[in-house]
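Coordinates in review
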Amino acid sequence: SCTKIDESTDMNFTVATDAIPFVIPVTSSTTVGTQITDISVSANLDELVKEKGEQFSAADVVSMKVTSLKLALTDTPRDATNNFANIEEMSIAMEAAGQPSVLLAGGRVPDNESTAIDVRIIATENEFKNYTADHQLRITGKLRRPTTKALNGQARISYYLQLKK
């Protein structure tokens with residue numbers, strides 16, 4: 001007798017990282033290009049892949065693109081004078097050893113009290129599968145108003161993965 005094995009060889013899906021902690025230190029400079037913070041990212045691609053397709057592994061990833069980047073402040077209580085409204089504009093570059101720095105996301109930040117922002121992705125077509133081990137998000141920008149205390153937050157990155165066996 002013959003048994004037919006039906007195993008998918010292609011799979012595409014979006015997956016998000018767990019919350020990645022970061023701290024924005026007290027920043028007094030309001031000049032363009034001010035370093036705001038670095039966020040260290042260590043995404044385990046095998047774990048992200050297996051969340052959606054047990055038969056696949058990181059080795060099967062043929063494409064990995066960033067679809068969203070969400071930043072949230074976690075300090076409680078909320079602080080009306082130290083939040084994302086202090087930042088006028090930001091640029092977020094993705095950097096990894098042996099890879100070119102890529103402007104991932106950025107734009108103007110509204111001048112209203114906010115503890116969560118969905119940063120506009122600029123590098124919508126860039127391939128990031130070689131950035132999956134340890135990489136960082138370097139946030140630079142221009143502050144509208146200095147901060148008077150450190151801001152604790154979390155980042156979440158969503159990736160669109162294409163896999164092929």
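A few points on the structure. As the structure is a prediction and not an experimental result, all values here were calculated from the model. (Residues numbered from 1 in each chain as written. Predicted model: local features only at pLDDT ≥ 70, side-chain atom pairs only at ≥ 80, totals over all residues. Heavy atoms only, no water.)

1. Considerations on the overall build of the protein
- Helix and strand counts for the protein stand at 1 helix and 9 strands.
- N-terminal to C-terminal, the α/β element order of the protein is β-β-β-α-β-β-β-β-β-β.
- With the principal axes as the frame, the protein shows a C-alpha extent of 75 × 35 × 20 Å.
- When burial is assessed residue by residue, the protein has 42% of its 165 residues classed as buried.
- Total accessible area on the protein is roughly 8,800 Å²; 49% of this is exposed by carbon and sulfur atoms.
- With 17 positive and 21 negative side-chain charges, the protein shows a separation of 4 Å between the mean positions of the two kinds. (Helix = DSSP H or I, 4+ residues; strand = E, 2+ residues; numbered from the N terminus. Buried < 20%, exposed > 50% of the residue type's maximum accessible area, 1.4 Å probe, protein only. Areas by Shrake-Rupley, 256 points an atom, 1.4 Å probe, with all protein chains shown as cover. Lys, Arg positive; Asp, Glu negative; His and termini not counted. Charge placed at Lys NZ, Arg CZ, Asp CG, Glu CD.)

2. Things to note about the side chain of Asp-60
- Positionally, Asp-60 belongs in the loop between α1 (45–50) and β4 (61–73).
- Taking the relative accessible area as the measure of exposure, Asp-60 reaches 10% and is therefore buried.
- In contact with Asp-60, not counting residues within four places along its chain, are Gln-55, Gln-162, Leu-163, Lys-164 and Lys-165. (Contact = heavy atoms within 4.5 Å.)

3. Digging into a negative patch on the surface
- A cluster of like negative charges, contributed by Asp-18, Asp-46, Glu-47 and Glu-51, occupies part of the molecular surface.
- Within the secondary structure layout, Glu-51 lies in the loop between α1 and β4. (Patch = residues over 30% accessible without salt bridge, like charges linked within 9 Å, V, L, I, M, F, W, Y side chains within 5 Å. Salt bridge = Lys/Arg side-chain N within 4 Å of Asp/Glu carboxyl O.)

4. Considerations on the sheet that holds strand β8 (residues 134–143)
- Across the sheet, 4 strands lie side by side as β3-β8-β5-β6; this open sheet has antiparallel pairing. The outermost strands of the open sheet, each flanked by one partner alone, are β3 (34–42) and β6 (102–108). Here the average twist between neighbouring strands, direction ignored, is 15°.
- Both strand β5 (residues 87–96) and β8 contribute to a ladder of 9 bridges, which runs antiparallel. If you follow Met-90 over to β8, its bridge partner there is Gly-141. (Pairing = 2+ DSSP bridges. Axes fitted to C-alpha atoms, helices over the stretch in contact; angles between N-to-C directions.)

5. A few points about the environment of Gly-98
- Note on placement: Gly-98 falls in the loop between β5 and β6.
- Exposure remark for Gly-98: the relative accessible area of 79% places this residue in the exposed category.
- For the pair formed by Gly-98 and Tyr-131, sequence separation is 33 residues and the distance between their alpha carbons is 9.2 Å.

Keep in mind these values describe shape, not function.
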